Amino acid sequence: MINDWPFEFPGAYWLDEKEEEAVLDAIRKRTLFRHYGPQKPVHVNRFEEEARKFYDVKYALAVNSGTGALATALQAFGIGPGDEVIMPSFVWISTVSTVVHQNAIPVICEIDDSFTIDPEDLEKKITPRTRLIVPVHMAGAPSNMAAIMEIAHRHNIPVLEDCAQANGGSFGGCKLGTFGDIGIFSLQTNKNITAGEGGLLVTNDRILYERAFAGHDMGFLFVDGQAFNPPSHAVMWPA
């Protein structure tokens, strides 16, 4: 184990025998899909269980990437053509591109001294077409979630926290990703917690979780820890 925190790829330097054994276990069991296989898969379910505990949330959903988590969340919120989504000017491209892929309109907000969304400018950017606010905690720096949530609640606009670069961070003693209606995280190799590539979505809203699960996996509905199987029993989203 290295003594100094690396300049790049921090999570990769913490991989050890535990990760190696987990990969080998999945291969030995020939069970590489998260839901089923020759033997019962366990690793993704265990990861989601630990995520629920760590973030103290009701629901956690592992996906293929942070970008995938953003896209899944936007589907859960029902973002579509013509909807306006407010985000800060300092972001990673995925925050913008996933909104564009939904045929929605990214609305760029100024940043403050934290290099995250400026609550004062946020208020100015809200219009009747605003459907979502996306604070982005860039480079581990938290947005002013107290001010942002006050504005969002006053205007009855949901909030999606982009915590791709702030996994484990907090604001006012509460973990980032738990202020908004949904929080997303990246597990890409340049993050402090990595699976090489991967993403995570957390929420306390059951309906948003069900929509997110349906959006990430062929429209299947996930209820009480079990996906409907066979597919003929699945409830598709949208219903």
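In the block above lies the structure referred to throughout.
Residues numbered from 1 in each chain as written. Predicted model: local features only at pLDDT ≥ 70, side-chain atom pairs only at ≥ 80, totals over all residues. Heavy atoms only, no water.

## Details of the overall build of the protein
Here is step 1: If you tally the helices and strands in the protein, you get seven helices and eleven strands.
Here is step 2: Put simply, of all contacts in the protein between residues at least 6 apart along the chain, 52% involve residues at least 24 apart.
Here is step 3: When the accessible surface of the protein is totalled, it reaches about 12,800 Å², and 55% of it is carbon and sulfur. (Helix = DSSP H or I, 4+ residues; strand = E, 2+ residues; numbered from the N terminus. Contact = heavy atoms within 4.5 Å. Areas by Shrake-Rupley, 256 points an atom, 1.4 Å probe, with all protein chains shown as cover.)

## What about the packing of aromatic side chains?
Aromatic ring pairs are reported here in terms of the distance separating the ring centres and the angle at which the planes meet.
Here is step 1: Overall, the coordinates contain seven aromatic pairs when judged by the stated rule.
Here is step 2: A centroid spacing of 4.9 Å and a plane angle of 70 degrees characterise the contact between F33 and Y36, whose relative ring orientation is edge-to-face.
Here is step 3: Measuring from ring centre to ring centre gives 4.8 Å for Y59 and Y209, while their planes differ by 15 degrees; the resulting arrangement is stacked. Separated by 150 residues along the polypeptide, Y59 in strand β1 (residues 59-63) and Y209 in helix α7 (residues 206-216) bring together distant segments of the chain.
Here is step 4: Members of the aromatic cluster, each reached through a chain of ring pairs, are F54, Y55 and F185.
Here is step 5: Between K175 and the ring centre of F54, over which it is positioned, the NZ or CZ distance is 4.7 Å. (Phe/Tyr/Trp six-rings, centres within 6.5 Å; stacked < 30°, edge-to-face > 60°. Lys NZ or Arg CZ within 6 Å of the ring centre and 35° of its normal.)

## Some remarks on helix α3 (residues 66-77)
Here is step 1: The terminal C-alpha atoms of α3, which comprises twelve residues, lie 17 Å apart, in line with the 16 Å expected from a rise of 1.5 Å per residue.
Here is step 2: Burial analysis of α3 places nine of its twelve residues in the buried class, the great majority of the element.
Here is step 3: Within α3, the full set of buried residues consists of G66, G68, A69, L70, T72, A73, L74, A76 and F77.
Here is step 4: Where α3 begins, one side-chain oxygen reaches toward the backbone nitrogen of T67, 3.4 Å away; that side chain belongs to S65.
Here is step 5: Looking one or two places after α3, you find G78, whose phi comes out positive at around 75 degrees. (Expected span 1.5 Å × (residues − 1). Buried < 20%, exposed > 50% of the residue type's maximum accessible area, 1.4 Å probe, protein only. Polar contact = N/O pair within 3.5 Å; in protein donor to acceptor, adjacent residues only side chain to side chain.)

## Focus on unusual backbone geometry
Here is step 1: The residue R30 is not glycine, and still its phi comes out positive at about 55 degrees.
Here is step 2: Looking at the element boundaries, R30 is found in the loop between α1 (17-28) and α2 (43-55).
Here is step 3: Of the residues examined, R30 reaches a relative accessible area of 65% and is grouped as exposed.
Here is step 4: You will see that A139, though not glycine, has its phi angle at about 55 degrees, which is positive.

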